[in-house]
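Architecture and fold: a report
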Amino acid sequence: MAVLIASSLAKDMAGQPLLRGVSFKLERRDRMALSGINGAGKTTLLRMLAGEESVDGGELVIGKDVRVALADQRPPADAERLSLREFVLSGARELVAIEAELSRLEQAMAGGAHDRSTLGRYAEAQARLEHAGGYDWRQRALGTVRGLGFDPEADLDRPLGTFSGGELTRATLARALAGDPDLLLLDEPTNHLDIEALEWLEQALTGLDAAIVLVAHDRWFLEAVATSVLELEGGRGRYFPGPWHAWRKEKAIRELAQGRTSERQQAEIERLERFVTRFRAGTRSRQAKSRARKLEKMERPAQSGRSSKALKFEFAPPARSGRVVFELVGARIAVGERVLLSEGELWLERGEHVSLVGPNGAGKTTLIELLVGRRELDSANGGPLIEGKLRTGHNVKLGFLSQHDEFNAGGARTVLEATQRATGLTPAKAHSLLGRFLFSGEDAEKPLDGLSGGERRRLSLAILVGSGANVLVLDEPTNHLDLSSREALEEALRAYQGAVLIVSHDRALLDAIGTRTVAFEGARLHSYSGGWAEYVRSRAS
């Protein structure tokens, strides 16, 4: 029985058509990913399915008694005084009502009411509660809090008004999962999750007896969760019944048939082949072998002279540094009485691409800010106290990409001014650089305070490329980047000949570029040879 049927849905925004003829059908355990460029209508479609936006054309039919939950990036409204526990459980009001109904029916049956109607309603209510985990549903619901990275003992009774924006987003996701929905709508659910929470969420969603519609930019997450894809392009929807990688393959071949450039399609095939190679003997070997069989049938596109507008860039060959870029020994990081790191050792050698991983709050950003000179040893300055010995190698030129896009120093007002002041390039060379990051023509004169999150990140990357650094230290570089931009960054970093130290929750990126992984484990730093796939296998053994 279908949970949802959408037939030729249409939507207008500001008097202009946004969606036309969008059709699909979802049953339980269908997990459909929405794909499309920014502004294609993905979030609007989610809100249409949730009943928060009107349907201007077509027909949307949601099954009888289907419970719908939406988790998006908006902070909870009018909930600052609620505790995290109260907020999460408020998503399960229907389960509370079912418990009350069962209690009332039990009292009625104890009084002699055994008619067919009473027994039928009792059986129906009991089945519904059992679907949500039985009378232990509260424990299961609150278990989502732990799975999404909260500390139940410290956080459950804290008022929502004391949480950060990222924590509120995770709270909204926990609330949506707590209510045992039949239709779950997720808008960027991977934002603000560390890798442990991402892996928990993947398992939770794939085991959920519900239909799911999701928007995400995390490629690994999409591979793990999605069973179908709805591609939104030019206002139209194209439904693909199959996993994410199979849709990417089909789209590459389709674009070739339409006469589009083959370079991007060839890069996509090569990316999938690398995935197969790295995971054939790993923990996802069955998944990798499936991809291998599919790739054997995939056509290789012929070369074409046409091109399409997309982010594409590369780093210039860097100047040679000393063999050891930097070395940190005896490192200790403490916040008050809490010790984040003790006797830590970290080193980076010329040409290495090292991934620094660990849960949120482990101290990753604090550590890399020390390495790039944003923090000082033996000085707390209102923040964590950092101790140890740090040695920087010969001829090291650092390029640092902060997750906060800090490029507005020196009074720069526009994209072009910020680029010139940060890189020292002439106007002509700055224009040429910015063009590779989709700031062509008048876009180079955009004011900094009017840039979107994605535009700010592209500008930060442009400045990084123009810096001529031979060592890159990157803190969540894929923040605010769409899928195509993430893949462009991946290709550029794979080819970069300098050293890289990267902090990221994008496992596809870590898998593609990493040659060594350093992990925060129990207030220690442990080094693992190889990239992300090797680290996963080491952790599982």
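Structure first, text after, so check above.
My aim in this report is to walk through the structure given alongside it, one point at a time. (Residues numbered from 1 in each chain as written. Predicted model: local features only at pLDDT ≥ 70, side-chain atom pairs only at ≥ 80, totals over all residues. Heavy atoms only, no water.)

**Some details on the sheet that holds strand β8 (residues 228-233)**
- Spatially, β5-β6-β7-β3-β8-β9 is the arrangement adopted by the six strands of the open sheet, whose pairing is mixed. Both edges of this open sheet fall to β5 (68-71) and β9 (236-240), since each of them pairs with a single strand only. Across this sheet, the average inter-strand angle for adjacent strands is 15°, counted without regard to direction.
- Along the sheet face, helix α1 (residues 42-49) touches β3 (31-35), β5, β6 (183-187), β7 (211-215) and β8 and points at about 155° away from the line of β6.
- Across the face of the sheet, helix α10 (residues 244-257) comes into contact with β3, β8 and β9 while running at roughly 40° to β8. (Pairing = 2+ DSSP bridges. Helix = DSSP H or I, 4+ residues; strand = E, 2+ residues; numbered from the N terminus. Axes fitted to C-alpha atoms, helices over the stretch in contact; angles between N-to-C directions. Contact = heavy atoms within 4.5 Å.)

**Focus: the packing of aromatic side chains**
- Tallied over the entire structure, the rule returns eight aromatic pairs.
- Measuring from ring centre to ring centre gives 6.4 Å for Trp-220 and Trp-532, while their planes differ by 90°; the resulting arrangement is edge-to-face. A residue pair is termed long-range when its members are at least 10 positions apart, and Trp-220 in helix α9 (residues 219-225) and Trp-532 in helix α19 (residues 532-540) qualify at 312 residues. The exposure classification of Trp-220 matches that of Trp-532, with both residues buried.
- For the pair Trp-532 and Tyr-535, a centre-to-centre distance of 5.2 Å together with 55° between the ring planes defines the contact as tilted. Here Trp-532 pairs with Tyr-535, and both are found in helix α19, just three residues apart, close to one helical turn. Take Trp-532 and Tyr-535: they sit in the same class, and that class is buried.
- Aromatic ring contacts, followed pair by pair, group Trp-220, Tyr-528, Trp-532 and Tyr-535 into a single cluster.
- Over the face of the ring belonging to Phe-163 we find Arg-158, whose NZ or CZ atom lies 3.9 Å from the ring centre.
- Of note, Arg-170 hangs over the ring of Phe-150, and the distance from its end group to the ring centre comes to 4.5 Å. (Phe/Tyr/Trp six-rings, centres within 6.5 Å; stacked < 30°, edge-to-face > 60°. Buried < 20%, exposed > 50% of the residue type's maximum accessible area, 1.4 Å probe, protein only. Lys NZ or Arg CZ within 6 Å of the ring centre and 35° of its normal.)

**Overview of the side chain of Ser-355**
- Mapped onto the elements of the fold, Ser-355 is located in strand β12 (residues 353-357).
- Its relative accessible area of 1% is what places Ser-355 among the buried residues.
- Once residues lying within four places of it in the same chain are set aside, the contact partners of Ser-355 are Ile-502, Leu-510, Gly-514, Arg-516, Thr-517 and Val-518.

**A few points about the sheet that holds strand β2 (residues 16-27)**
- The strand order β2-β1-β4 describes an open sheet built from three strands, whose pairing is antiparallel. Each edge of the open sheet is held by one strand with a lone partner, namely β2 and β4 (57-62). Sheet twist, expressed as the average angle between the axes of neighbouring strands with direction ignored, equals 15°.
- Where strand β1 (residues 2-13) and β4 come together, five bridges link them in antiparallel fashion. Each residue of the ladder has a partner; that of Ala-6, found in β4, is Leu-60.

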